[in-house]
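Summary of the model geometry
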Amino acid sequence: MEKESRPGNAPGGKAFKPFVADQAKVAEFTPKAIVLGAFFAVLFGAATVYLALRAGVTVSASIPIAVLAIAVFKKVGSTILENNIVQTIGSAGESVAAGVVFTVPGFLFLSTAAGGDRFFKYWPILALSMAGGFLGVLMMIPLRRSLIVQEHGKLTYPEGTACADVLMAGEKGGVMARLVFNGLWVSMVYKTLNSVFNLFKEIPVYIWSRVSVWPNATLNCEIVPEYLGVGYIIGPRVSGIMVSGSILGWMALTPLLSLFVTDDQLHQQLLSLGFDQQWIDSHGLNEQFYRAYIRLIGAGAVAMAGLMSLTRSLPTIWTAFSASAKSLRAGAAGAGAVRRTEHDLPITVTGIGSIVLALLIALFMPGLPTRFPGSLLLAILIIAFGFFFVTVSSRIVGLIGTTSNPISGMTIATLMGTCMFFLLVGWSGDAYQAAALVVGAIVCIAAANAGATSQDLKTGYIVGATPWLQQIGLMIGVLASTFAIGITLFVMHRSGWGPIGSDRFPAPQGTLMATLIKGILGGNLQWTFVFVGAAMAVMIQVMGVSALAWAVGAYLPLSTTMPIFIGGMVHFIAKKMTGEELEGESEISSGMLYATGLVAGGSIGGVLIAALSGIYWGTTESWLDSIKSVFSGVLEMQGPAADLVAVLAFGVLAFLLLKTARKKLADMKG
């Protein structure tokens with residue numbers, strides 16, 4: 001494409017010409033595009049549930065879906081607009097899943113009297129997912145002209161622009177798809193050898209003893225491909241910041257606490273937090289210190305970092321909100337004869353849709369603390385919070401991208417505002433904890449989906465898509481993915497790797513949201529450790545380092561952040577070897593595409609393996625255990641030898657990523 005036709009280079013935003021001309025008649029909203037998009041919405045929604053439960057992070061799905069759409073349609077033929085509809089529908093699944101996993105698992109961790117487990121059921125989760133997903137799409141309809149069109153020279157929407165590059169470079173689709181598929185198959189084979197056949201350990205570990213000079217210090221690494229891919233994608237700086245938080249917790253604070261806290265004091269602390277004696281007896285001291293103290297410190301750090309992130313965004317928030325309000329007031333005057341590439345769904349869809357959504361929430365949403373018409377006030381509060389943070393999210397991702405969007409901070413602010421409102425009207429105590437999380441969940445899902453929706457609409461604007469068809473496609477993506485997201489949550493929760501909240505599925509954001517709600521409404525939060533974490537987050541931010549990335553690392557186990565850090569180091573080494581600038585990393589580089597395949601393959605494989613662990617031959621042994629038992633004693637090793645084999649296997653995986661990342665797309669043949 002000619003450089004001057006790109007929106008960022010068009011002075012004043014004028015004379016921009018999309019890839020497909022406005023008057024062109026090109027196939028777009030076809031049955032094959034809808035079906036494939038819905039399939040990808042389900043697939044990437046399930047993969048996102050798995051990844052977010054394990055590591056508390058997500059990866060944008062738009063680019064890999066665009067690449068895969070080009071590859072799938074290569075034999076039967078497709079247009080660029082059909083491929084765009086596929087990625088539009090498909091990416092909705094990833095964003096809705098992210099919002100769900102960041103909040104809904106919190107129902108499991110509320111106080112017993114709150115009855116959160118009554119809401120962690122399929123139909124309530126489906127209702128929350130749909131309400132938040134549709135709210136995010138509805139609110140973006142009137143904002144598209146202001147944010148995507150009128151400010152396309154100022155708001156770059158990096159993922160959306162990169163996705164448009166992929167679609168417009170369709171002739172390279174073979175090369176790009178091959179890289180993604182290579183990463184996916186390598187990841188799934190590795191995952192099978194590791195998690196099914198026990199060919200090597202999943203977590204090499206060395207723990208210093210209680211009586212050593214470094215008591216209970218822990219060095220471990222969960223050598224799974226999805227974490228390696230995530231680390232490469234987020235880069236060395238962010239991954240390094242994350243692992244530094246975990247190092248502080250597991251290699252500094254844990255040994256320090258071990259010097260002053262006796263085993264009896266440690267066990268009493270765990271019992272006060274709801275852990276039983278059986279759990280204490282089955283876990284090592286390092287894990288006990290993490291659960292008793294380190295995780296509370298990490299929760300305080302994440303909460304403070306999220307609030308600071310939101311505070312720093314206040315100028316952008318105000319600009320976004322005021323500009324969008326002006327755009328809405330001027331909307332009727334600028335309507336005129338609508339061209340195909342400027343044809344949105346009518347503003348009445350947003351108005352009527354919001355009214356219907358508010359009524360449905362007020363009448364049928366489980367968990368609300370009052371009946372209709374009193375519940376209508378709470379529904380209006382949800383819509384108001386939703387519109388505000390949809391506007392905020394949509395503008396912020398235009399500046400800094402979806403990955404850096406402070407969704408957690410917005411959700412924390414929503415929860416705190418909701419809890420304060422509850423206290424003002426006399427809704428205090430454990431009984432109202434679930435209601436506060438209902439509000440937070442819907443707003444979080446809406447904000448997450450709005451951020452991804454904005455990127456998709458930017459992609460459509462560049463390639464010349466029809467906006468109203470994209471908006472319908474987004475609703476289809478929400479509808480398709482919500483049915484699968486709830487099922488995936490339950491498969492993970494009830495699998496042999498579960499339940500959610502266990503070592504394999506820590507669900508960091510969900511536990512944080514529950515901790516905050518209990519602290520404000522239930523008075524069950526141990527504020528000392530939370531304030532220590534908050535103070536640490538402030539210290540990190542004052543040093544000029546991203547407090548949010550560091551705080552997430554402080555909350556997560558070292559075994560999770562270490563492989564992510566290794567992925568970041570592979571990124572760093574690849575850039576040094578090729579002479580490229582780290583800050584100039586392209587969203588469509590060979591390493592990025594291969595790493596995306598690693599994440600997708602590891603996550604999809606993880607979902608399937610977790611499902612196997614929950615399916616039983618008879619009454620005593622799961623399919624996964626049956627397969628493992630065949631190889632037990634043949635492929636399993638113990639001690640340092642097992643750790644060495646595992647490290648070597650992960651080294652081979654990292655080498656394959658490095659080898660691929662050194663290649664340039666321009667030099668590769670399809």
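First, a word on scope: everything that follows refers to the structure included in this document. (Residues numbered from 1 in each chain as written. Predicted model: local features only at pLDDT ≥ 70, side-chain atom pairs only at ≥ 80, totals over all residues. Heavy atoms only, no water.)

Comments concerning the pattern of salt bridges
Note the following rule: Take a side-chain nitrogen of Lys or Arg and a carboxyl oxygen of Asp or Glu: if they are within 4 Å of each other, that pair is a salt bridge. We count a stretch as a helix when DSSP gives it H or I for four or more residues in a row; a strand needs E for two or more, and each element gets its number in order from the N terminus. Buried means the residue's accessible area, taken with a 1.4 Å probe over protein chains only, is under 20% of the maximum for its type, while exposed means over 50%, and partly exposed covers the values in between.
Across all of its chains, the model carries 8 salt bridges by this definition. The salt bridge involving Arg291 is made with Glu287; its shortest N-O contact spans 2.9 Å. Linking Arg291 with Glu287, this pair stays in helix α11 (residues 285–312), spanning 4 residues, or about one helical turn. Across the pair, Glu287 and Arg291 agree in class, each one buried. Counted as one network, the salt bridges with shared partners bring together Arg144, Glu342 and Asp344.

Focus: the side chain of Ser91
Operational definition: N or O atoms within 3.5 Å of each other form a polar contact, as long as, within protein, one can give a hydrogen and the other can take it, and as long as residues adjacent in sequence are counted only when both atoms are side-chain atoms. Contacts between residues were defined by any pair of non-hydrogen atoms, one from each residue, lying within 4.5 Å.
With respect to the helices and strands, the residue Ser91 is situated in helix α3 (residues 80–103). Within polar-contact distance, the side chain of Ser91 engages the backbone oxygen of Gln87 at 2.9 Å. When residues no more than four places from it in sequence are discounted, the contact partners of Ser91 are Ser62, Ile65 and Asp456.

Thoughts on the packing of helix α4 (residues 122–140) against helix α17 (residues 467–494)
This is how it is decided: A fitted line through C-alpha atoms represents every axis, and for helices the fit uses only the stretch in contact; the resulting angles, taken between N-to-C directions, go from 0 to 180 degrees. Orientation labels follow simple angle bins: below 35 degrees gives roughly parallel, above 145 gives roughly antiparallel, 65 to 115 gives roughly perpendicular, and whatever is left gives oblique. Take the far helix as your reference; a near helix turned counterclockwise from it by less than a right angle gives a left-handed crossing, and one turned clockwise gives a right-handed crossing. Lys, Arg, Asp and Glu make up the charged group, whereas Ala, Val, Leu, Ile, Met, Phe, Trp, Tyr, Cys and Pro make up the nonpolar group; the residues left over, Gly among them, are polar.
Close contact between α4 and α17 brings their axes to 9 Å; oriented N to C, the two are set at 155°. When the interaxial angle is binned, α4 and α17 end up roughly antiparallel. Crossing of α4 against α17: the hand is right-handed. Touching Tyr122, Ile125, Leu126, Ser129, Met130, Gly133, Phe134, Val137 and Leu138 of α4 are Gln471, Leu474, Met475, Val478, Leu479, Thr482, Phe483, Gly486, Ile487, Leu489 and Phe490, all from α17. Its residues placed into classes, the contact of α4 with α17 shows 15 nonpolar, 5 polar and no charged.

Some points on helix α2 (residues 62–72)
The buried count for α2 comes to 9 of 11 residues, which makes it a mostly enclosed element. Three or more residues of α2 are buried, namely Ser62, Ile63, Pro64, Ile65, Ala66, Val67, Leu68, Ala69 and Ile70.

Considering the environment of Val72
Tracing the chain through its elements places Val72 in helix α2. Looking at Val72, the relative accessible area reads 41%, which means it is partly exposed. Between the alpha carbons of Val72 and Asn83 there is a distance of 9.8 Å; along the sequence they are 11 residues apart.

Things to note about the packing of aromatic side chains
Going by this rule: Planes of paired rings set the category: under 30 degrees apart is stacked, over 60 is edge-to-face and the rest tilted, where pairs are Phe, Tyr or Trp rings (Trp by its six-membered ring) whose centres lie within 6.5 Å.
Taken as a whole, this structure holds 14 aromatic pairs when the rule is applied. Measuring from centroid to centroid gives 6.2 Å for Tyr50 and Phe505, while their planes differ by 80°, and the two rings are edge-to-face. Of this pair, Tyr50 sits in helix α1 (residues 31–55) while Phe505 is found in the loop between α17 and α18 (508–522), placing the two residues 455 residues apart along the sequence. Owing to a relative accessible area of 0%, Phe505 belongs among the buried residues under this scheme. Here the aromatic rings of Tyr293 and Phe529 are separated by 5.1 Å at their centres, their planes lie at 55°, and the arrangement is tilted. Residue Tyr293 is located in helix α11, and its partner Phe529 is located in helix α19 (residues 527–542); the two are separated by 236 residues in the primary sequence.

What about unusual backbone geometry?
Residues other than glycine seldom take positive phi values, yet Asn216 does so here, at roughly 65°. Note that Asn216 resides in the loop between β1 (205–207) and β2 (218–220).

Quick look at the side chain of Thr459
Looking at the secondary structure, you find Thr459 in helix α16 (residues 433–463). Thr459 gets classed as buried once you look at its relative accessible area, which sits at 1%.

Focus: helix α20 (residues 547–555)
Of all 9 residues that make up α20, 8 are buried, and the element is covered over most of its length. Turning to α20, its buried residues number three or more, namely Ala547, Ala549, Trp550, Ala551, Val552, Gly553, Ala554 and Tyr555.

Focus on a nonpolar patch on the surface
Threshold: Patches here are clusters of residues that have more than 30% relative accessible area and form no salt bridge, with a 9 Å joining cutoff for like charges and a 5 Å cutoff for nonpolar side chains (Val, Leu, Ile, Met, Phe, Trp, Tyr). Computed with a 1.4 Å probe, the accessible areas rest on the Shrake-Rupley method; for each residue, only the protein chains presented here act as cover.
Taken together, the side chains of Ile352, Ile355, Val356, Leu359, Leu360, Leu363, Phe364 and Phe372 present a nonpolar region at the surface, about 790 Å² in accessible area. For Phe372, the position within the fold is in the loop between α13 (347–364) and α14 (374–400). With a relative accessible area of 43%, Phe372 lands in the partly exposed category.

Things to note about the packing of helix α21 (residues 558–578) against helix α24 (residues 639–661)
Two elements in contact, α21 and α24, have axes separated by 9 Å at closest approach and are oriented at 35°. The hand of the α21/α24 crossing is right-handed. Along the contact surface, α21 presents Pro563, Ile566, Val570, Ile573, Ala574 and Met577, while α24 presents Phe650, Ala654, Leu657, Leu658 and Ala661.

Quick notes on the environment of Asp165
Relative to the elements of secondary structure, Asp165 occurs in helix α6 (residues 158–168). Residues Asp165 and Val463, spaced 298 residues apart in sequence, show a C-alpha to C-alpha distance of 8.8 Å.

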